[in-house]
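Examination of the molecular architecture
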Amino acid sequence: MTIHDLRTRHGDASDGSADQVGGRLSRVDGPAKITGAAKYAVEQQLEGLAHAVLVESTVAAGKVRAIDTAAAEGAPGVLLVLTPDTIPPLKTASDWFGTPPPDVPYCPLARDIAFSGQHVAAVVAESFEQAVAAAALVKVSYDEAPAVADLSDPKAGDGIPIDMMTKEWGEAEAAFASAPVRICAAYNTPREYQAPMEPHGLIAAWQGDRLTVWEPSQWLDGMARTYAEWFAIPFENVRLVSPYIGGGFGSKALALSHGAVAASAAKMLGRPVRLVMSRPQTFTGYGGRAATRQTVTLGADRDGKIQSIVHRGVNETSMGGMWVEPLGSVTSVMYATPNFSSKQNVVRVNSVVPGAMRAPGENPSAFGIESAIDELAYVVGIDPLEIRLRNYAEQDPHARKAWSTRQLREAFAAGAEAFGWARRSPAPRSMRDGNQLIGWGVAAGTYPVRRAYGEALVRILADGTVEVESSSIDMGQGTYTILAQTAAETLGVPADNVVVKLGDSRFARAGVTGGSRLAGIMTGAVHKAAGAALDQLVGLAISDPRSPFHALQANTLVVAGGRVSSPRGDGPEVSIAELLASVGADQIEAKGDTMPANSTAEDRYKAYTTIATPLTHTDGDYSRHSWCAHFIEVRVDEDFGTVRVSRVVSALDSGRLYNPKLAESQWKGGIIMGIGQALLEEGIVDRRHGRIVNNNLADYLVPTNADIPDIQTISVGIPDPHSSALGGKGVGELAIVGVAPAVANAVFHATGKRVRDLPITLEKLI
Ligand code: MCN
Ligand code: MOS
């Protein structure tokens, strides 16, 4: 059986629209993944493959005094032991904004230690097992220095103010002081980790001064740029290959130091080198979500109308790197308030630099404001849903622009109806089932519509099938599927006749898959490329003297179901293959992109290899966001304090959906991740060594099927022409935003106990 045979189109069988945008086509890559036919990056079988294993720092601060490699070098199968002294220096690469880097050498193995888990050496051997065994023989000694373990470390201090995060209007402090109702509380979120199924890893191979890297990647063009700059070779000389990715959740967008180690080793040996991180190594190979602290103060009148929001936030960053988790992002747009002030600091600690994890910023931000407004609701005695409607922001309160679309009122209404919110008894501890306390909570979420650029190539082959090529990626979101639908709809062919090829940097280019922007960008680019290919096809059919349509003198033709005919139904009807054969064309090819028409080659290079994108979500006249409302039921065991989420209804506005089946799956994935965040996930720091103790999937808990009830999602979006070419808004990150506060609010309703520190574990309830 070939991969193609395995592709089945069982969407809703009754739904004939699977060939179109908006249809419920099943994942076209699903069968290949499930049967094992899909080859992941490190599964490539290459001649002469050698295996690298990292040696990591066991202290969180200080200097490497010495590395004794003698035993490792003498171990069976060992080809190379790399240390800061033996790995050739690379060049420093530019950051993801494309800022020109300083002309200083870059060493991916550290002498100066800034966190436990930093790479200090690597062993390369004939087999993986030999490399693991030899890595254990590398003896590293340190001059250890005192470390700042985490945010609560007394040495951590208040941190550095990030002025660009300040958002202020009105007189927030004064309005708070004079408000009749005042609440003030602190909300904390711990370090959390992306924990994708597939760990970080790669295979690097050189042919002369050309480098091929098979590596799971959310950004082929950006990572290719980094590799090219490290090794001082032209961008075109690097090829990144990443057709399948076992999840990323933000962790796979950048080339990281382990990649530099593997590519250096491959160059030194003249052999391809594979390096795969162990699960514990993934916890420090790329940073997870930064730990955060927020204080939210709300001043309101007795009807629950907000007069003032004063918000202060802090997030962890590393000693040498800068990560800002924008904590005021939801606080500043969710509710109407005449007075507002939000400020943020970052605190340097001895950890890997934190990174992007599904809805960075919006996620913890919503935990603060959506918990705080629930607290306000109880203080003033107003239903938590009603108080949100009373403070509904009719326009973006920060940007002072109209919403492009905001179906949040509709989301509250649809969610409440489906959940049965009207039957909620308001008092905490007033609903129970035996010894289970039942709580119902609500919270809203939002995510901005980020827009950038992408290009696609569409090829109609002689047999009438269609190929779509793009260097964008599918890490599970459904890119393969929605791009097949887009090409199928635009060209008038069945989606089964479209083969989408992604994940190769030789293809037409794309920017980063982050910020839930890829679907909007790439459907736009494919729509444009397919439209251009269709124009060529119809043009040929009308004008080529050999075409069966030539005599018709038509000015347009219809292509549907892969067949070409005249709009009036007179004249012939032939397949695309027959038409191409009649005019002697091998294929038709067209490129489409979403760049401004006058863009230069340099503009394009920048657009695809950096995140310095000019299109903010508040560009022009509108403020663009996705919105959602989560209604959650929890059951809390009165004796043991264990919390189970027993029911979830979420109503979401992501604009037009390209594929409702996949959007629902994305939303559910986000909600599940949010339940994990609410109840389970927490990187636990060993204060003595500044180390994450639970750096494995047995101790770092994520939800299993048994933790997750049926989840109902309701789409309330309408097409949003200001957000994307085809009217969709972001889906991938939206649904995680607001889940944790909805759970916390439900736990308060069940127990009368407000937990402001995630996760909500049983000891916090007793
Ligand atoms: N979609 C849709 N209608 C829309 C928008 C999107 O039907 N209007 C569906 C499509 O199936 C599309 C998917 O939702 O493929 C996601 O689209 P979009 O919101 O544009 O997000 P991206 O394609 O840019 O994906 C990135 C996003 C991010 S930033 C993280 S983090 C995340 C996420 O997607 N990581 C994921 N979802 C993930 N899903 C899986 N399985 N694995 C991850 O690592
Ligand atoms: Mo998503 S955290 O923007 O990759």
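To keep things clear, this report deals only with the structure shown in the data block. (Residues numbered from 1 in each chain as written. Chains lettered and ligands numbered in written order. Predicted model: local features only at pLDDT ≥ 70, side-chain atom pairs only at ≥ 80, totals over all residues. Heavy atoms only, no water.)

1. What to know about the overall build of the chain
Note the cut-off: The helix and strand labels rest on DSSP assignments: H or I over at least four residues marks a helix, E over at least two residues marks a strand, and numbering proceeds from the N terminus. With C-alpha atoms as the basis for the radius of gyration, the globule rule is written as 2.2 Å multiplied by the number of residues raised to the power 0.38. Note on classification: 1.4 Å probe, protein chains only; a residue is buried when its accessible area is under 20% of the maximum for its type, exposed when over 50%, partly exposed between these limits. Throughout, a residue-residue contact means that at least one pair of heavy atoms, one from each residue, lies within 4.5 Å. Two residue types count as positive, namely Lys and Arg, and two as negative, namely Asp and Glu; His and chain ends fall outside the count. Lys charges are placed at NZ, Arg charges at CZ, Asp charges at CG and Glu charges at CD.
The helix and strand inventory of the chain stands at 17 helices and 34 strands. On C-alpha atoms alone, the chain measures out to a radius of gyration of 27 Å, which is about the 27 Å that the 2.2 N^0.38 rule sets for 766 residues. Taking the principal axes of its C-alpha atoms as reference, the chain extends roughly 80 × 70 × 50 Å. Here the chain, with 766 residues, has 60% of them falling under the buried criterion. Excluding contacts between residues fewer than 6 apart, the proportion of contacts in the chain whose partners are at least 24 apart in sequence is 79%. Each charge sign in the chain was given a centre, from 70 positive and 83 negative side chains, and these centres are 3 Å apart.

2. Quick look at the nonpolar core
Rule in force here: Each nonpolar core is a collection of buried residues, namely Ala, Val, Leu, Ile, Met, Phe, Trp, Tyr and Cys, held together in the definition by side-chain atoms within 4.5 Å.
Leu-376, Phe-631, Val-634, Val-743 and Ile-760 are the most contacted members of the largest nonpolar core, which totals 87 residues. Sequence-distant contacts of Leu-376, defined by excluding residues within four places in its chain, comprise Val-181, Ile-183, Leu-298, Ala-300, Gly-304, Ile-306 and Ile-387. In terms of nonpolar packing, the next biggest core, distinct from the first, is built from 56 residues, Val-468, Ile-521, Ile-576 and Leu-662 among them.

3. A word on the site of ligand 1
This is how the line gets drawn: Only a single heavy atom is needed: when it lies within 4 Å of a molecule or strand, its residue is near that molecule or strand. Here a polar contact is taken to be a pair of N or O atoms separated by no more than 3.5 Å, where protein atoms must pair a possible hydrogen donor with a possible acceptor and residues adjacent in sequence count only if both atoms sit in side chains. Note on areas: these come from Shrake-Rupley sampling with a 1.4 Å probe, and a residue is covered only by the protein chains present in the view. Residue type decides the class: Asp, Glu, Lys and Arg count as charged, Ala, Val, Leu, Ile, Met, Phe, Trp, Tyr, Cys and Pro as nonpolar, and the leftover types, Gly among them, as polar.
As a matter of local geometry, ligand 1 sits amid 32 residues, with Gly-248, Phe-249, Arg-656, Gln-666 and Val-731 nearest to it. Take Val-731: an N or O atom from its main chain is 2.7 Å from an oxygen atom of ligand 1. Compared with its free state, where it exposes 830 Å², ligand 1 has 96% of that area covered by protein. Counting only elements with at least two residues in the shell around ligand 1, the list comes to helix 12 (479-491), helix 13 (518-543) and helix 16 (660-679). Examining the composition of the shell around ligand 1, we find that three residues originate from one element, helix 16, more than from any other. Taken together, the residues that form the shell around ligand 1 break down as ten nonpolar, 17 polar and five charged.

4. Some points on helix 11 (residues 408-419)
For clarity, the cut-off: An expected span of 1.5 Å times one less than the residue number is assigned to each helix. By arc we mean the arc of the directions from the helix axis to the C-beta atoms, nothing more.
An ideal rise of 1.5 Å per residue puts 16 Å on twelve residues; helix 11 measures up with 16 Å between its terminal C-alpha atoms. Listed as buried for helix 11 are Leu-408, Ala-411, Phe-412, Gly-415, Ala-416 and Phe-419. One side of helix 11 carries all its buried residues, which in axial view fall inside an arc of 120°. As for helix 11, its buried residues are in contact with helix 10 (384-390), strand 21 (436-448), strand 30 (625-637) and strand 31 (643-653). Immediately beyond the C-terminal end of helix 11, within one or two residues, lies Gly-420, with a positive phi of roughly 85°.

5. A short note on the pairing of strand 12 (residues 201-207)
Heads up, the rule is: Between any two strands, pairing holds if DSSP finds at least two bridges.
Of all the seven residues making up strand 12, six are buried; the element is thus mostly covered by neighbouring parts of the structure. Bridge analysis of strand 12 against strand 15 (residues 273-276) gives four bridges, and the strand direction is antiparallel. Its bridge partner being in strand 15, Leu-202 is matched across the sheet by Leu-275. Pairing between strand 12 and strand 13 (residues 210-214): five bridges, direction antiparallel. Within strand 13, the residue paired with Ile-203 across the bridge is Trp-214. Here strand 12 folds back onto strand 13, and the loop between the two strands holds two residues, one of which, Gly-208, carries a positive phi near 60°.

6. Brief notes about the packing of helix 6 (residues 220-230) against helix 15 (residues 601-609)
Formally: Note on method: axes are straight lines fitted to C-alpha atoms, helices fitted across the in-contact stretch only, with angles between N-to-C directions ranging 0 to 180 degrees. Should an angle fall under 35 degrees it is taken as roughly parallel, and over 145 as roughly antiparallel, whereas 65 to 115 is taken as roughly perpendicular and any remaining angle as oblique.
Across the interface, helix 6 lies against helix 15 with an axial gap of 7 Å and an inter-helix angle of 100°. As summarised for this structure, helix 6 and helix 15 are arranged roughly perpendicular, according to the angle between their axes. Residues Asp-221, Gly-222 and Arg-225 of helix 6 form the contact with helix 15, whose participating residues are Tyr-605, Tyr-608 and Thr-609. Its residues assigned to classes, the contact of helix 6 with helix 15 shows two nonpolar, two polar and two charged.

7. A closer look at the pairing of strand 30
The buried count for strand 30 comes to twelve of 13 residues, which makes it a mostly enclosed element. Examined bridge by bridge, strand 21 and strand 30 share 13 bridges and lie antiparallel to one another. Within strand 30, the position partnered with Thr-446 by the bridge is Trp-627. Pairing analysis gives ten bridges linking strand 30 to strand 31, with the strands arranged antiparallel. By the bridge assignment, His-630 is partnered in strand 31 with Ser-650. Between strand 30 and strand 31, which follow one another and run antiparallel, lie five residues, and Gly-641 among them has a positive phi close to 75°.

8. Let's talk about the sheet that holds strand 7 (residues 119-125)
Across the sheet, which stays open at both edges, the seven strands sit in the order 3-7-1-15-12-13-14 with mixed pairing between neighbours. Edge positions in the sheet fall to strand 3 (78-82) and strand 14 (238-241), since each has one partner strand and no second. Within the sheet, the average angular offset between the axes of one strand and its neighbour, ignoring direction, is 20°. The sheet contact formed by strand 1 (residues 50-56) and strand 15 spans three bridges and is parallel. If you follow Ala-50 over to strand 15, its bridge partner there is Val-273.

9. Thoughts on the pattern of salt bridges
Using the following cut-off: One speaks of a salt bridge when a side-chain nitrogen belonging to Lys or Arg is within 4 Å of a carboxyl oxygen belonging to Asp or Glu.
Under the definition given, this model contains 43 salt bridges. For the salt bridge of Glu-126 with Arg-271, the shortest nitrogen-to-oxygen distance reads 2.9 Å. Residue Glu-126 is located in the loop between strand 7 and helix 4 (128-135), and its partner Arg-271 is located in the loop between helix 7 (257-269) and strand 15; the two are separated by 145 residues in the primary sequence. A residue is classified by how much of its surface remains accessible, and Arg-271, at 21% relative accessible area, is partly exposed. For Lys-155, the salt bridge goes to Asp-153, with nearest N and O atoms at 3.4 Å. Salt bridges linked by common partners bring Arg-459, Glu-467, Glu-469, Lys-501 and Glu-589 together as one network.

10. Quick word on helix 12
Side chains that are three or four residues apart share a direction in an α-helix, a result of its 3.6 residues per turn. Over its 13 residues, helix 12 extends 18 Å from the first C-alpha to the last, a length consistent with the 18 Å expected when each residue adds 1.5 Å. Of all 13 residues in helix 12, twelve are buried, a share of seventy percent or more. Listed in full, the buried residues belonging to helix 12 are Thr-479, Tyr-480, Thr-481, Ile-482, Leu-483, Ala-484, Gln-485, Thr-486, Ala-487, Ala-488, Thr-490 and Leu-491.

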